[in-house]
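The lines below spell out each chain.
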Amino acid sequence: MAEAEAAQSGAPRRFLLLYALAWAGAAIAYVPFLTILLPVKVEGLAGTSIGIDWLAWLSFGGALAASAGHLLFGWLSDLTGRRRPWIATGLVLSCLLLLAMGQASSWAGLLGLIVAWQLALNMMMAPLAALAGDHVPDSQKGLLGGLLAFAPGLGALSGALVTWPDLMSPQGRLALVAALVAGAVLPLLLLPLPARTDPAPQARSAALVHPGATVRRMWLARLALQIAEATMFAYLYFWFVTVDASMTDNRVAGLFAATLVVSAPVALAAGRWADRHGQPFRPLLLAALGACVGLAAMALAQGLAAAVAAFAVFSLASAVFLALHSAQTLRVLPRPERRGRDLGLFNLTNTIPSLIMPWLTIGLVPRFGFSGLFVALALLCLISALMLASLSRRE
């Protein structure tokens, strides 16, 4: 009876806001470090030329550890039936390991710390992702996705804060990141949790006509769009320079940050619309189509103004898609008792693109230029939309 009442009334607004803050804390944990602080550390140890090779291998090893850790600790939180002890332990360990990064003096030592840090970070993130599925009913999944859309922007802003010129030493930057993460995650750990909202098995099977097929379509739809997004952002700077040689890394970073900031309220509005109209997959379909249109326009763009406008369409649509997809995934997972493990499998869509992206680029750009690459990525986004089209028709 308590679960039914919770599903009807929904999770308290305070829980949703503190959960979104904690999820932003996870973004603050890795965005400034992986995009700025780690490359600077590597450059200081190895120099620019060797450092590029170092960074590639460190990123690869970290991605493997993140994938394994998300699966492992999501599954362990399922087995124990408790999420918050794992979140708290992962928070403490990841912050301590982040501080230890500043003391690393060799490639091997840094690699060991990166692997351990990724495992600890995913000890926090995997149960945290599953916690939303435990306590947020389907009627609020759209709102949840909209709130999660603020996390990337806050991660980017934290990077700007910790790298403010002459603000603090390299070790001080790591300490500030750790403090920001702890400040964002701790309030959720101290908040009393609302009642669980898992529907009865018969209710869930009625809501999803073919649960297995729905999960596969959601997984493939995210993978296809993630390949496009990962490829796009890895080579974004190089493409803009071919369009206009005056483009700088700072201008490209500013454009990227601006689209993230704009995408958050758009995702929030789309998520609330989905909740009110009972159409959870429609915004995802439209966002995938928007990403396809943006990439097609990028392939045809002539001049900087057209290139910026086309990129803004793609970036906005893909950011909205990824935020809402993360929340709506919780709706389609068929077995609540293994939610953490299943979310670990969905997390593979974040790491597999890193293995596919280089070969896709090497195979297309030398022969067809960036326009050929963008056409291929647009087709991937179209495939993502087609995967979601049948789900949208069942709403």
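Remember, predicted model here, so these are calculated numbers, not experimental data. (Residues numbered from 1 in each chain as written. Predicted model: local features only at pLDDT ≥ 70, side-chain atom pairs only at ≥ 80, totals over all residues. Heavy atoms only, no water.)

1. Section: the packing of helix 4 (residues 84-101) against helix 5 (residues 107-135)
Move 1: Across the interface, helix 4 lies against helix 5 with an axial gap of 8 Å and an inter-helix angle of 155°. The pairing of helix 4 with helix 5 is recorded here as roughly antiparallel in orientation. The way helix 4 lies across helix 5 gives a crossing that is left-handed. Contacts between helix 4 and helix 5 involve Trp 86, Ile 87, Thr 89, Gly 90, Leu 91, Leu 93, Ser 94, Leu 97, Leu 98, Ala 100 and Met 101 on the former and, on the latter, Leu 110, Leu 113, Ile 114, Ala 116, Trp 117, Ala 120, Leu 121, Met 123, Met 124, Pro 127, Leu 128 and Leu 131. (Axes fitted to C-alpha atoms, helices over the stretch in contact; angles between N-to-C directions. Helix = DSSP H or I, 4+ residues; strand = E, 2+ residues; numbered from the N terminus. Parallel < 35°, antiparallel > 145°, perpendicular 65-115°, else oblique. Left-handed = near helix turned anticlockwise from the far one by under 90°. Contact = heavy atoms within 4.5 Å.)

2. Re the confidence of the model for the protein
Move 1: Per-residue pLDDT for the protein has a mean of 85; in total, 90% of the residues score no lower than 70.
Move 2: Every residue in residues 200-207 is under pLDDT 50, and counting partners more than four places away or in other chains gives seven contacts. (pLDDT = per-residue confidence, 0-100.)

3. Here we look at the nonpolar core
Move 1: By size, the foremost hydrophobic cluster in this structure holds 109 residues, and its most contacted members are Phe 240, Leu 295 and Phe 374.
Move 2: Here the element with the most residues in this core is helix 2 (residues 13-46); it accounts for 16 residues.
Move 3: With residues near it in sequence (within four places) discarded, Phe 374 still touches Met 232, Trp 239, Leu 295, Met 298 and Ala 299. (Core = buried A, V, L, I, M, F, W, Y, C linked by side-chain atoms within 4.5 Å. Buried < 20%, exposed > 50% of the residue type's maximum accessible area, 1.4 Å probe, protein only.)

4. Quick notes on the packing of aromatic side chains
Move 1: Across all of its chains, the model carries eight aromatic pairs by this definition.
Move 2: Geometrically, the ring pair formed by Phe 15 and Tyr 19 is tilted, given 6.2 Å between the ring centres and 35° between the ring planes. Of the two residues, Phe 15 and Tyr 19 both sit in helix 2, four residues apart, roughly one turn of that helix. Pair check on accessibility: Phe 15 and Tyr 19 agree, each one buried.
Move 3: A ring pair is formed by Trp 239 and Phe 374, whose centres lie 5.2 Å apart and whose planes are at 85°; its orientation type is edge-to-face. With a gap of 135 residues between them, Trp 239 in helix 11 (residues 236-243) and Phe 374 in helix 15 (residues 339-393) connect regions that are remote in the sequence. (Phe/Tyr/Trp six-rings, centres within 6.5 Å; stacked < 30°, edge-to-face > 60°.)

5. What about the side chain of Thr 349?
Move 1: Checked against the element boundaries, Thr 349 lands in helix 15.
Move 2: A distance of 2.6 Å separates a polar atom in the side chain of Thr 349 from the backbone oxygen of Phe 346.
Move 3: Setting aside its immediate chain neighbours within four residues, Thr 349 contacts Trp 219, Arg 222, Leu 223 and Gln 226. (Polar contact = N/O pair within 3.5 Å; in protein donor to acceptor, adjacent residues only side chain to side chain.)

6. A few points about the pattern of salt bridges
Move 1: Within this structure, the stated rule accounts for six salt bridges.
Move 2: Close ionic contact of Arg 83 with Asp 134 constitutes a salt bridge, the shortest N to O distance being 2.8 Å. With Arg 83 in the loop between helix 3 (48-80) and helix 4 and Asp 134 in helix 5, this residue pair connects regions lying 51 residues apart in the sequence. Comparing Arg 83 with Asp 134 shows no difference in burial state: the two are buried.
Move 3: As a salt-bridge pair, Arg 341 and Asp 342 come within 2.7 Å of each other at their nearest N and O atoms.
Move 4: Here Arg 341 falls in the partly exposed class, since its relative accessible area comes to 27%.
Move 5: For Asp 342, a relative accessible area of 6% translates into the label buried. (Salt bridge = Lys/Arg side-chain N within 4 Å of Asp/Glu carboxyl O.)

7. Some points on the environment of Val 266
Move 1: In this structure, Val 266 sits in helix 12 (residues 249-277).
Move 2: With a relative accessible area of 36%, Val 266 lands in the partly exposed category.
Move 3: Between the alpha carbons of Val 266 and Ala 317 there is a distance of 9.3 Å; along the sequence they are 51 residues apart.
Move 4: Residues within four places of Val 266 in sequence aside, it is in contact with Leu 316 and Val 320.

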